[in-house]
Amino acid sequence: SNNCAFLRLGQVVGLDKVVDMAKRLGVRSPLEEVVTLPLGVKEISPIDMASAYATFANDGIRNEPYYIDRIEDKDGKVLYQHQLEPVRVLDEEVARMVNATLASNVASGTGTRARITGGQAAAGKTGTTNDSADVWFVGYTPQLSTAIWMGAPSGRIPLSNAGLGGATGGRYPASTWGLYYSKLYENQ
């Protein structure tokens, strides 16, 4: 994991800048400037995580997440078509450095279970809280970003209580993500 490097980076650049960047990437959750913020100690929704990581995949250009792309009537007439409103929030070269770091997590780091069958390029990050109460894998390809979160919707309940002893972000969420994306890309 690259946690130590990002913890140091947060201290060097300033936690106020870490919060600012998270907000620019689309994180709507309240964030406090605590030393461990770069480690993911504050709760962020899966949609915010997937949206932020999509910005990296999109070379630093952010689009607001949306649920409905298009609505057609029974004859195929388009009744609604979502319109993107892209905004550059991160320098392209910085986004590409993030992509290289997160691609190494899938290739040979804590996210190896997220590898996509067939060799499709992928990048992502695992996350595991104390007692494995929350475990994550947030990953992306150039076309799609998805956050897999496992935990209790309310309260902090160790996943071992649900029979998932040894749960980590690199185990169940990364495996789930890898299987999902392998199915998506199997005929491409």
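Residues numbered from 1 in each chain as written. Predicted model: local features only at pLDDT ≥ 70, side-chain atom pairs only at ≥ 80, totals over all residues. Heavy atoms only, no water.

All right, on to the pattern of salt bridges then. Taken as a whole, this structure holds nine salt bridges when the rule is applied. One salt bridge in this structure joins Arg156 and Asp134, with 3.1 Å as the shortest N-O distance. On the criterion of sequence distance, the pair formed by Arg156 in the loop between strand E7 (145–151) and helix H5 (172–185) and Asp134 in strand E6 (residues 134–140) is long-range, its members being 22 residues apart. Residue classification places Arg156 among the partly exposed positions, given a relative accessible area of 48%. (Salt bridge = Lys/Arg side-chain N within 4 Å of Asp/Glu carboxyl O. Helix = DSSP H or I, 4+ residues; strand = E, 2+ residues; numbered from the N terminus. Buried < 20%, exposed > 50% of the residue type's maximum accessible area, 1.4 Å probe, protein only.)

Attention now moves to a nonpolar patch on the surface. A contiguous nonpolar surface patch, about 620 Å² in accessible area, is contributed by Ile47, Tyr67, Ile68, Ile71, Leu79 and Tyr80. Structurally, the position occupied by Ile47 is in helix H3 (residues 46–57). Using a relative accessible area of 30% as the deciding quantity, one classes Ile47 as partly exposed. (Patch = residues over 30% accessible without salt bridge, like charges linked within 9 Å, V, L, I, M, F, W, Y side chains within 5 Å. Areas by Shrake-Rupley, 256 points an atom, 1.4 Å probe, with all protein chains shown as cover.)

Okay, the packing of H3 against helix H4 (residues 92–108) next. Viewed as axis vectors pointing N to C, H3 and H4 meet at an angle of 110°, and their least axial separation amounts to 8 Å. What the angle tells us is that H3 and H4 run roughly perpendicular. Listed contacts from H4 to Tyr53, Phe56 and Ala57 of H3 are Ala95, Val98, Asn99 and Leu102. Here the residues of the contact of H3 with H4 are counted per class, giving six nonpolar, one polar and no charged. (Axes fitted to C-alpha atoms, helices over the stretch in contact; angles between N-to-C directions. Parallel < 35°, antiparallel > 145°, perpendicular 65-115°, else oblique. Contact = heavy atoms within 4.5 Å. Nonpolar A, V, L, I, M, F, W, Y, C, P; charged D, E, K, R; others polar.)

A few words now on the sheet that holds E6. In any sheet, the strands associate via hydrogen bonds between backbone groups, in a parallel or an antiparallel arrangement. On the basis of which strands lie adjacent, the open sheet formed by three strands has the order E5-E6-E7 and antiparallel pairing. Taken across any chain shown, the strands that pair with only one partner, and hence form the sheet edges, are strand E5 (123–128) and E7. In this sheet, neighbouring strand axes are inclined to one another by 5° on average, regardless of whether the strands run parallel or antiparallel. Two elements, E6 and E7, share seven bridges in a ladder whose sense is antiparallel. (Pairing = 2+ DSSP bridges.)

So far we have only geometry, and geometry alone does not tell us how the molecule works.
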